[in-house]
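Overview (structure and organization)
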Amino acid sequence: MIAVWDTSGWSDMGVGVAAIHALRDDWASQERLRELALAGEPVAIREAALLAVALAPSSLPVLRQGVTAAQREVRAASVAGLRADPLARPMAAHLLASDPSCGVRAAAATLLAGDPGYTPALRRALEAPLPSPGVDPEAPRLEGALVRALIREPTVIEQVKGRLAGLASDVRDFVLEDLWARPEQRSYVRALLAHEAALVRASAARALRRDPEVASALLGLAAGDPSPLVRAAAVSVLGFDAVARQVKAGRLADASEHASVRVAIVETMRAGEEEMVRALQSDPSPTLRGIAASALRDDVASVAARRALLDDAEPFVRARAVSSLARQDALFDSVMPCLEDPDPHVRRAAIEVLGRYPPAIPLLRRHIDAPSPVGPAAMQALREDPESLPLLRTRLRPARRVERRRRLRDLARDPSSVAGVRALLDDPDVLVRADAASALGDAGDETIVRRLDDPDSWWRAVAARAVAGTAEAREALLRRLGDGDGTVRAAAAEALAGDEAAAPRVRELLDEPSAAVRAAAITALAGDAGSVERIAAMLDEPSDMDGDPAQLAPRGRSRAGRSTRAGCAPS
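Treat the numbers as computed from the prediction; the structure is a model and nothing was measured.

Conventions used here
Residues numbered from 1 in each chain as written. Predicted model: local features only at pLDDT ≥ 70, side-chain atom pairs only at ≥ 80, totals over all residues. Heavy atoms only, no water. Helix = DSSP H or I, 4+ residues; strand = E, 2+ residues; numbered from the N terminus. Contact = heavy atoms within 4.5 Å. Areas by Shrake-Rupley, 256 points an atom, 1.4 Å probe, with all protein chains shown as cover. Core = buried A, V, L, I, M, F, W, Y, C linked by side-chain atoms within 4.5 Å. Buried < 20%, exposed > 50% of the residue type's maximum accessible area, 1.4 Å probe, protein only. Salt bridge = Lys/Arg side-chain N within 4 Å of Asp/Glu carboxyl O. Phe/Tyr/Trp six-rings, centres within 6.5 Å; stacked < 30°, edge-to-face > 60°. Lys NZ or Arg CZ within 6 Å of the ring centre and 35° of its normal. Axes fitted to C-alpha atoms, helices over the stretch in contact; angles between N-to-C directions. Parallel < 35°, antiparallel > 145°, perpendicular 65-115°, else oblique. Left-handed = near helix turned anticlockwise from the far one by under 90°. Nonpolar A, V, L, I, M, F, W, Y, C, P; charged D, E, K, R; others polar.

Here the focus is the overall build of the protein. Each helix and strand counted, the protein has 36 helices and two strands in total. Of the contacts made within the protein by residues no fewer than 6 positions apart, 60% connect residues no fewer than 24 positions apart. Of the roughly 25000 Å² that the protein leaves accessible, carbon and sulfur atoms contribute 54%.

Turning our eyes to something else, we now look at the nonpolar core. In terms of nonpolar packing, the biggest core is built from 134 residues, with Ile20, Leu96, Val175 and Val322 touching the most fellow members. When residues in this core are grouped by element, the largest group, eight residues, is from helix α7 (residues 102-112). Not counting residues up to four positions away in its chain, the partners in contact with Ile20 are Leu33, Leu36, Ile45, Ala48, Ala49, Ala52 and Leu396.

The subject of this paragraph is the pattern of salt bridges. Counted by the stated rule, this structure contains 38 salt bridges. When the shortest N-O distance is used, the salt bridge between Arg89 and Asp115 registers 2.8 Å. Taken together, the positions of Arg89 in helix α6 (residues 89-98) and Asp115 in the loop between α7 and α8 (119-127) put the pair 26 residues apart, joining distant regions of the chain. Look at Asp115 and you get buried, because its relative accessible area is 16%. One salt bridge in this structure joins Arg365 and Glu387, with 3.7 Å as the shortest N-O distance. Note that Arg365 is positioned in helix α24 (residues 361-365) and Glu387 in the loop between α25 (374-382) and α26 (389-393), a separation of 22 residues in sequence. For Glu387, a relative accessible area of 65% corresponds to the exposed category. Taken together, the salt bridges that share partners define one network made up of Asp453, Arg460, Arg479, Arg480 and Asp483.

Time to look at helix α35 (residues 515-524). The buried fraction of α35 amounts to nine of the 10 residues, a majority that puts the element mostly inside the structure. Three or more residues of α35 are buried, namely Ala515, Ala516, Val517, Arg518, Ala519, Ala520, Ala521, Ile522 and Ala524.

Moving on to the packing of aromatic side chains. In the structure shown here, the tally under the stated rule is one aromatic pair. Ring geometry for Trp458 and Trp459: centres 4.8 Å apart, planes at 75°, overall edge-to-face. Grouping residues by exposure puts Trp458 and Trp459 together as buried. A cation sits over an aromatic face here: Arg186 above Trp180, 4.1 Å from the ring centre. Seen from the ring of Trp459, Arg451 lies directly overhead, with NZ or CZ sitting 4.3 Å from the centre.

Before going further, it helps to examine the packing of helix α14 (residues 215-224) against helix α15 (residues 228-237). Geometrically, a packed helix pair is captured by the angle between its two axes and the distance between the axes. Taken N-terminus to C-terminus, the directions of α14 and α15 make an angle of 135°; their axes are 8 Å apart at the nearest point. Considering their axes alone, α14 and α15 lie oblique with respect to each other. Considering how the two elements wind past one another, α14 and α15 form a crossing that is left-handed. Counted together, Leu218, Leu221 and Ala222 of α14 and Val230, Arg231, Ala234, Val235 and Val237 of α15 form the full contact between these two elements. Its residues assigned to classes, the contact of α14 with α15 comprises seven nonpolar, no polar and one charged.

So, in structure tokens, the structure goes:
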């Protein structure tokens, strides 16, 4: 397939994603971001662009189109971007029931959460068997999204209790904290401190951090549970009385204690305990030395200790020491030399600290093209600097497919070259065929108008979009509103947007069973005064689940007489 994202000149794709994130609020970059949301490749670029443009109302058509993309990452990002669009909920309900990707279904579940009309659909999804993480790594994410959406349902609570040990850690923590907030469930959460699974005991300890009735039980877990996972959770929620401090001091001083437990103690230290932390700057564990750098306070002795760690042999320790110096502007000069550190993570930490130090801004601009993680950090640090925005905009490289479309439009209007564009309608690349059709449609070429009656539904849909706004094709488009294929009906509706005389016919599609066709009709009728009341009434209608999911994301069909490969669906 022809590449549509030009990576020449980039050190890695992380820098391209960072450029998109840095410019998401820059009005001058919105058109380019929308182009990338439609045609950017690889998937990471398009995914980042979709999320960047999600809040702009003008980007809704781009997001709706992304819902039907072949790549699961693009579909998930599109659904997440439509969370503020109530008209997207019927689409999300169909995806929740039918999409093969757990990641897409998780995004759909999150969008539908909180809407009582979709509770039955969410409950059905939770009750259905999920693939193992080995089959779909996003399966735990889907389970978590469903549990979060339904945690207030009594029947779901009992169902979730029976699968606590299998939940992802963050979801299990969420469930237990929610249960502890209900007085009638507190005894159940307390009893879990004795659960046979260490993961459950650890989550219970975190959920009970505000429960005075289990203080002694938490002390016992911190001092003697056989699992370091549980001991770490317990010490992180201990109080600050003399007994708790004694337990923590003992665990911290024990060099044989697991590093995760000692880290948890350091991260929860309070004022007055700096002496114990400073003692760790010579600990053999680089993890503990680095965590200690972050935990040290701003007294004179602690500042000196942090500065000393800037010369540590371990990059992790130097990076944490650099980050800790952000709390004092007077120490920025100590951070400046770290921009030349041999380790990229130390340089990234220095950039993050110096981003709010005006004299350092010119130095940070030199790093925007560096490989990850340095380049992305520099772009993020510069996004609030008006003088750096023009430089960042040049890093949003154009989508080559967009450039190809512009070139084909020029060729299609030239009598000497239009035959070459027509020949591309038989190109083996589906994207080239679609772009050639679009160019011929813009030029009013009869070749593409005749494709509205092509026996292949893919060509009828492509032709409908290509001839949008063409007077010669109007009657043919009206016929396509009754086409037997939902994709064609949706394309015809979109092509007739703004045609007042066609509005009554388009309005009939508002009663379609397919969410994709209804969404296309709503978009087409956006400026039609006679449709306002009907569209407004749809906002209060719960989604039906009997639409044809295949109309939402057709994949693997024969298109223009060829088998479509994943990733080759037309935009």
